[in-house]
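Single-letter residue listing:
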Amino acid sequence: MALIKGGLLDRRGFLKTTVAAAAASSLPLGGAFAQTPKRGGHLRVAKGHGNTTDTLNPGQWDNGYMLALSFGLHGRLTEVAQDGELIPELAESWEASDDASEWRFKIRKGVTFHDGKPLEVQDVVNSINFHRGENSTSAAGPIVAPITDITTEGDDTVVFTLDGGNADFPYILSDYHLVIAPADGDSIDWQSGNGCGSYKLTAFNAGVSSSFERNENHWRDDVAFVDTCEMLAVVDPNARTTSLVSGDVHAIDKVDLKAAGLLGRKPGVNIQSIAGTQHYTFAMDTRADPFKDNNVRQALKYGINRQELVDKILFGYGSVGNDHPIGQGQRFFNSELEQKEFDPDKAKWHLKEAGMDSVSVSLSASDAAFPGAVDAATLFQNSASEAGIDLKVVREPKDGYWSDVWMKKPFSAVYWGGRPVEDQMFATAYQCGAAWNDSFWCNDRFEELLTTARAELDEDKRREMYYEMQDLVANQGGVIIPMFANYVFATGETVGHGEMASNWDMDGERWMERWWINS
């Protein structure tokens, strides 16, 4: 067995010896702060997310507002730190069998839920089981599907048995859906918002606002610096910007990139630009005409001017994408895959292969999908016309976009935050039948590789498989990924923080427990 415990964990070292783990544990938990944190005060943040249909059900979280709420209220077994490495959270250590098909997690002692109930192994079992099973509607269902059994040993160890080896399994357990909530019969109590995170929920008005107070009994003393927090759902970018400039809020996300330079010149405002795995997409329903035909899909992919979108939509705050969701900084990024360029002639060739001289499609877009999504769709419309593609832009309402348009309309704009490891991203959004497979794409070879790659412990062999998977998604899949976008958000001058995480927006969406007020 290989043991991991203590502080930081290099993902390449999952199956190393206890010597490597002990060296990692000498590093500070959570990383060193660049500034000295101050306690006290009230932190108010406006988020460009939030729907009236939002729920405290962890299986249904699908936007940045609920991510931030979940990281404040709840704990998970593992945590992605600011530097991108994995650290223990509610699990204080874990160990894997030699083939990585069985994992033992030792649960941290002294942790209590907000109501004072101690954390127990049954809470962990029920919380993960909540997302499992044929009847599960959880978006995390695909990533926990490889778990065949969860058992306990004594009062402090939970054992996960998988259907095959998975060297990245501890990373999977950091997924924002996989919170540990109190056991309630065979299920969990998610309705009350009772968690073991660093903040307690004092009010939740879906799609409007939420408020929080510090959990004085939290097991860590190096997080949760402000006394209280308030989070507002402000989807309109102008309203968000105004609220920051006026001093009504301390921070906003999804900064309007057209105005980022001007906003950054205003006294008391700091623009934060963090490169990560966030990417903006146009998803095609591969079950519907004309998107059933891969030649049509390829024509659309060659009919978009990616660099123009990076220049005019991201204003340079990002990079071109290549129709797969793996970022350049990730371990198995396919650097050898030919980069697609705007090529009207190649797009026309693919249309002819599909038996068409031209094609007409409608693209649904709203700035609720990502900042500038409607403008991006219009630019796509203009470039596609050079390839004989009549692309009609349908401007959709911001409110209800994720419930009424995404995965309902056959061609729509989408944003993705990415995932820390390749398997997690592919299993969440590209595996056949996954709840968030927004192109409804199924490919037998991809499915075979997905299963084989996660069980392969040889890094070179895994790389070869993940390279092929990126090729399959890029050239046979149903999602156009023209650009990777930096996380661009803004903070007021009184906001203090350490190193900014890049795994999600706004410091990995853990701003509630990582930031403080300098007053």
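So, here is what we can say about the structure in this document. (Residues numbered from 1 in each chain as written. Predicted model: local features only at pLDDT ≥ 70, side-chain atom pairs only at ≥ 80, totals over all residues. Heavy atoms only, no water.)

## Considering the packing of helix 13 (residues 422-429) against helix 15 (residues 459-476)
- Interhelical geometry of helix 13 versus helix 15 gives an angle of 35 degrees and a closest axis separation of 12 Å. In this structure, helix 13 meets helix 15 at a crossing whose hand is left-handed. Within the contact between the two elements, helix 13 uses Glu-422, Asp-423 and Phe-426 and helix 15 uses Tyr-466, Met-469, Gln-470 and Val-473.
- Considering only residue class, the contact of helix 13 with helix 15 consists of four nonpolar, one polar and two charged. (Axes fitted to C-alpha atoms, helices over the stretch in contact; angles between N-to-C directions. Helix = DSSP H or I, 4+ residues; strand = E, 2+ residues; numbered from the N terminus. Left-handed = near helix turned anticlockwise from the far one by under 90°. Contact = heavy atoms within 4.5 Å. Nonpolar A, V, L, I, M, F, W, Y, C, P; charged D, E, K, R; others polar.)

## Section: the pairing of strand 19 (residues 389-395)
- Judged from the seven bridges that link them, strand 18 (residues 359-365) and strand 19 form a sheet pairing that is parallel. Directly across from Ser-364, in strand 19, lies its bridge partner Val-394.
- With helix 11 (residues 373-385) bridging strand 18 and the parallel strand 19, this β-α-β connection has right-handed handedness. (Pairing = 2+ DSSP bridges. Right-handed = clockwise from strand over helix to strand, strands pointing away.)

## A short note on the layout of surface pockets
- Roughly 510 Å³ of internal volume is contained in the largest pocket.
- Every residue lining the largest pocket is counted, 28 residues in all, and those nearest its centre are Gly-59, Gln-60, Thr-137, Ala-139 and Trp-436.
- Elements with a contribution of two residues or more to the lining of the largest pocket: helix 4 (141-144) and helix 12 (401-404).
- With three residues, helix 4 is the single largest residue contributor to the lining of the largest pocket.
- By residue class, the composition of the lining of the largest pocket is eleven nonpolar, 13 polar and four charged.
- One number sums up the size of the second largest pocket: a volume of about 420 Å³. (1 Å grid on protein atoms, 1.4 Å probe; cavity = no way out; pocket = protein on both sides within 12 Å on 5 of 7 lines; lining within 4 Å. Points joined across faces, edges and corners; volume = space filled by probe spheres on them.)

## Description of the sheet that holds strand 2 (residues 42-47)
- Judged by pairing direction, the sheet is mixed, and its seven strands sit side by side in the order 11-12-13-2-14-22-15 without closing on themselves. The sheet is open, and its two edges are formed by strand 11 (199-205) and strand 15 (269-274), each paired on a single side.
- Two elements, strand 2 and strand 14 (residues 251-252), share two bridges in a ladder whose sense is parallel. The partner of Val-45 across the bridge, within strand 14, is Ala-251.
- Those strands touched by helix 2 (residues 64-73) are strand 2, strand 11, strand 12 (209-214) and strand 13 (228-233), and its axis lies near 145 degrees from that of strand 11.

## Topic: helix 8 (residues 294-302)
- With eight of nine residues buried, helix 8 lies mostly within the body of the structure.
- Where helix 8 begins, the side chain of Asp-293 points an oxygen toward the backbone nitrogen of Asn-295, at a separation of 2.8 Å. (Buried < 20%, exposed > 50% of the residue type's maximum accessible area, 1.4 Å probe, protein only. Polar contact = N/O pair within 3.5 Å; in protein donor to acceptor, adjacent residues only side chain to side chain.)

## Description of unusual backbone geometry
- The omega torsion of the bond from Asp-289 to Pro-290 falls at 0 degrees, within 30 degrees of zero and hence cis.
- With respect to the element layout, Pro-290 can be found in the loop between strand 16 (279-284) and helix 8.
- For Ala-224, which is not a glycine, the phi torsion comes out positive at approximately 60 degrees.
- Summarising the element assignment, Ala-224 is placed in the loop between strand 12 and strand 13.

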